[in-house]
Every structure is written in C-alpha cells, then in structure tokens.
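Structural overview for review
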Amino acid sequence: ALKEWAWDSIGENYSHRHSSHMYTVWPAYEINPDDAATKTLVPAVKMALRKRDHHVREAHDALQRSIAWIRVKNGNEFAKIFKYLLENQYLYNALTTSHNNGHHVYNYDTILSLQGILIETALFTQPGLMELAPALPDAFTRGRLSGIRGRNQTEVNELQWDVNKGTFS
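Since we're looking at a predicted model, the values are computed, not measured.

As for the overall build of the chain
- Broken down by element type, the chain carries four helices and seven strands.
- Shown N-terminal to C-terminal, the secondary structure of the chain runs as helices and strands in the order α-α-α-β-β-α-β-β-β-β-β.
- Scaling as 2.2 N^0.38, a compact globule of 169 residues should have a C-alpha radius of gyration of about 15 Å, and the chain matches this with 17 Å.
- With respect to the principal axes defined by its C-alpha atoms, the chain has extents near 50 × 45 × 30 Å.
- Taking as baseline every contact in the chain between residues at least 6 positions apart, the subset at least 24 positions apart corresponds to 45%.
- Put simply, the chain shows about 9,500 Å² of open surface, and 52% of that area lies on carbon and sulfur atoms.

Some details on the environment of methionine 130
- With respect to the helices and strands, the residue methionine 130 is situated in strand S4 (residues 129–132).
- With a relative accessible area of 40%, methionine 130 lands in the partly exposed category.
- Taking the C-alpha atoms as reference, methionine 130 lies 8.3 Å from glycine 150; in sequence the two are 20 residues apart.
- The contact partners of methionine 130, leaving out residues within four places of it in the chain, are Leu123, Phe124, Thr125, Asn152, Thr154 and Val156.

Observations concerning the pairing of strand S3 (residues 123–126)
- Two strands pair when backbone bridges link them, and S3 and S4 are joined in this way by four bridges, in the antiparallel orientation. Directly across from leucine 123, in S4, lies its bridge partner leucine 132.
- The antiparallel hairpin formed by S3 and S4 contains two residues in its connecting segment, where glycine 128 sits at a positive phi of about 80°.

Examining the pattern of salt bridges
- Using the criterion set out here, one finds nine salt bridges in the structure.
- With its nearest N and O atoms 3.3 Å apart, the salt bridge here joins arginine 65 to aspartate 61. One end of the pair, arginine 65, and the other, aspartate 61, are both in helix H2 (residues 59–71), four residues apart, so they sit about a helical turn from each other. Exposure class is identical for arginine 65 and aspartate 61. Each is buried.
- Salt bridges linked by common partners bring Asp34, Lys73 and Glu131 together as one network.

Thoughts on the nonpolar core
- Counting 24 residues, the largest nonpolar core has Met22, Val25 and Val45 as its most contacted members.
- At the level of secondary structure, the elements contributing two or more residues to this core comprise helix H1 (42–52), H2, helix H3 (75–87) and helix H4 (114–122).
- The element best represented in this core is H2, accounting for seven residues.
- If we skip the residues at most four places from it in the chain, valine 25 touches Ile31, Val45, Ala68, Arg71 and Val72.
- If you look at the next biggest cluster of nonpolar residues, it comprises eight residues, including Ala122, Leu123, Leu136 and Leu145.

Thresholds, definitions, all that
- Residues numbered from 1 in each chain as written.
- Predicted model: local features only at pLDDT ≥ 70, side-chain atom pairs only at ≥ 80, totals over all residues.
- Heavy atoms only, no water.
- Helix = DSSP H or I, 4+ residues; strand = E, 2+ residues; numbered from the N terminus.
- Rg over C-alpha atoms; globule rule 2.2 N^0.38 Å.
- Contact = heavy atoms within 4.5 Å.
- Areas by Shrake-Rupley, 256 points an atom, 1.4 Å probe, with all protein chains shown as cover.
- Buried < 20%, exposed > 50% of the residue type's maximum accessible area, 1.4 Å probe, protein only.
- Pairing = 2+ DSSP bridges.
- Salt bridge = Lys/Arg side-chain N within 4 Å of Asp/Glu carboxyl O.
- Core = buried A, V, L, I, M, F, W, Y, C linked by side-chain atoms within 4.5 Å.

Set out below in structure tokens:
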C-alpha cells in the first residue's frame, strides 16, 4: 500500500481522517493510470484506499478518498462512498451537511465538494487534456451536466450520456 508516513516509527493508521499520502493522486495528479512513469504505483494507491474504507467517519475523509478513486479511474469505488454519504445522515434537508454521520456537527465539507466530484466522474480536464467519462460509475447510466468550466480554459455548455443507448454528447 502507498504509505501515509515516510517514517517507519510512526506506523500506519488507517483510521486517520486525512489522506495526505494521496496528494500525489489529487490534487497534484502526479500518480495516474495513464502515465507510464507512475501507473505502477496505482495498485498501491488502490490498496491504501481500500484499507481505509471501513474507517469512514468524517465527511472530508470520504471526499478525499472519493476524488482519489476518481483520479485512478474507479467510479464504482467512488459510488460506494457517495452512496454511504447519502444514506448515513451527512446531508441535512437544507442542503447543508454534517462533519460526521448522524447529523452531529453542522459543516459544509460535503455540500461544497459534491458538485466537483460528480463532474470529475464524467469529465476530467487538465491543461492540454479533456477526458470524457474517466470514472463514470456503472450506476450512472444516464445523466446530464451543464455549465462546466474546465481547468484547461474550456467551457462545456452541456454534457449528456445514456450508456444503454451508447450515446455521449
């Protein structure tokens, strides 16, 4: 697994709530499955993410792991975390969110991140790159997004897909 700490004396703590060792996956995008120099590290990233799965408590932990799963092009693992957030009282009716499940601490971590994470499953942009459906979960068989601005100076007015019909426009 990709280690969180460089020092052996600290050891691994898979219930730690931050994913600093995923910085190279997101936001830096230094480890990615399309880069010949770093794609051999992707299995270690996936193993480290899986070892944390059963320790979800804080919304920001789930969000950090979600975006890492998307960046290694595994939309189904993202979908598991997304489903967990939706089913375990991280969202209030007023479109605000909770820091922990069960509505314990009023917090904006989730609501300010969900839009970007959902967009990244359908469209990934970097300077010089635009990729359609890099990590679209199997459950997202149909969808539509509009008004997307990419990190590569692009604007996508509307993006629609229907997997069953085999269309993406």
